[in-house]
Amino acid sequence: MDIVYKIYSEESQLTDLMKMIDSELSEPYSIFTYRYFLYNWPKLCILAYKESDLIGVIVCKADTHSKVLRGYIAMLAVKQDYRRAGIGRKLVSQAIQAMKDANVDEIVLETEVTNTAALKLYEGFGFARDKRLQSYYLNGNDAYRLKLWLN
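Residue positions are given per chain, counting from 1 as you read along its sequence in written order. The model is predicted, so local features are restricted to residues of pLDDT at least 70 and side-chain atom pairs to those at 80 or more, both for listing and for counting; the totals for chains, interfaces and linings are taken over all residues. Derived side-chain values reflect all non-hydrogen atoms in the structure, with water molecules and hydrogen atoms excluded from consideration.

- Per an unreviewed UniProt entry, the recorded name for the protein is N-acetyltransferase domain-containing protein, and the organism is Stentor coeruleus.

Have a look at this one:
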């Protein structure tokens, strides 16, 4: 399977990105949320394509939090038909490297406590469960805040 990974680079990619994330993730996001991440940190948004089809994406940011440069993984989605093929792992790996290149000190994210596949993926990269967030998601589910210390 020939998968091409690209950095977000233009507004024309936004529609497909929004459609894919909206169909694959449980939380809805407004166009303003997407633009906040994509316009401020385009190099931390990586898209996976099979031919011209967008099949995976990771959306991240990096900014100062409590005197450290903190990376944040906001969204990771892979189309259902392409899961378990290493695409999510590759997107996370590339995002971590991009954040290392930006001298990020730590990376955080949230995932549902019931999402065992995501927990396994992130813990495989060394993320640790930092905090349990009660009723974090709109569906009422709790989340774990995961953290990876880089420096």
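**A short note on the side chain of Glu106**
Next, step 1: Residue position: Glu106 is located in strand β5 (residues 106–112).
Next, step 2: Each residue is placed in one exposure class: buried if its accessible area under a 1.4 Å probe, protein chains only, is under 20% of its type's maximum, exposed if it is over 50%, and partly exposed if it falls in between. Under the relative-accessibility criterion, Glu106 is labelled buried at 8%.
Next, step 3: We define a polar contact as two N or O atoms separated by no more than 3.5 Å, with the added condition that, inside protein, one atom must be a possible hydrogen donor and the other a possible acceptor, whereas residues neighbouring each other in sequence contribute only through side-chain atom pairs. At 2.8 Å, the side chain of Glu106 and the side chain of Arg70 are in polar contact.
Next, step 4: If we ignore the near neighbours within four places in the chain, the residues touching Glu106 are Val68, Leu69, Arg70, Gly71, Lys147, Leu148, Trp149 and Leu150. Each helix is a run of DSSP H or I of at least 4 residues and each strand a run of E of at least 2, with the numbering of both proceeding from the N terminus. Only heavy atoms matter for contacts: two residues are in contact if any of them lie within 4.5 Å across the pair.

**A look at the packing of aromatic side chains**
Next, step 1: Think of it this way: a Phe, Tyr or Trp ring, Trp meaning its six-membered ring, pairs with another when their centres are within 6.5 Å, and the plane angle makes it stacked under 30 degrees, edge-to-face over 60, tilted otherwise. Per the stated rule, a full pass over the model turns up six aromatic pairs.
Next, step 2: Ring centres of Tyr36 and Trp41 lie 5.2 Å apart, and the angle between their planes is 75 degrees; this geometry places the pair in the edge-to-face category.
Next, step 3: Exposure remark for Tyr36: the relative accessible area of 37% places this residue in the partly exposed category.
Next, step 4: Measuring from centroid to centroid gives 6.3 Å for Phe37 and Trp41, while their planes differ by 50 degrees, and the two rings are tilted.
Next, step 5: Ring pairing ties together the aromatic residues Tyr36, Phe37 and Trp41, which thus form one cluster.
Next, step 6: Look at NZ for Lys and CZ for Arg. If either is within 6 Å of the ring centre and within 35 degrees of the ring normal, a charge sits over the ring. Lys6 extends its terminal NZ or CZ atom over the ring of Tyr49, reaching a point 5.0 Å from the ring centre.
Next, step 7: We note Lys90 situated over the ring of Tyr5; from NZ or CZ to the ring centre the distance is 5.9 Å.

**Considerations on the UniProt feature "domain: N-acetyltransferase" (unreviewed entry) in the protein**
Next, step 1: The sites that carry the UniProt feature "domain: N-acetyltransferase" (unreviewed entry) are, in the present numbering, residues 3–151.
Next, step 2: Its end C-alpha atoms 31 Å apart, residues 3–151 is made of 30% helix and 37% strand. UniProt positions are given in the numbering used here, feature names are shortened, and annotations may be inferred rather than shown by experiment.

**Considering the environment of Ser30**
Next, step 1: Within the secondary structure, Ser30 is located in the loop between α1 (14–24) and α2 (31–40).
Next, step 2: The exposure class of Ser30 is partly exposed, given its relative accessible area of 34%.
Next, step 3: For the pair Ser30 and Met18, spaced twelve residues apart in sequence, the C-alpha separation works out to 8.9 Å.

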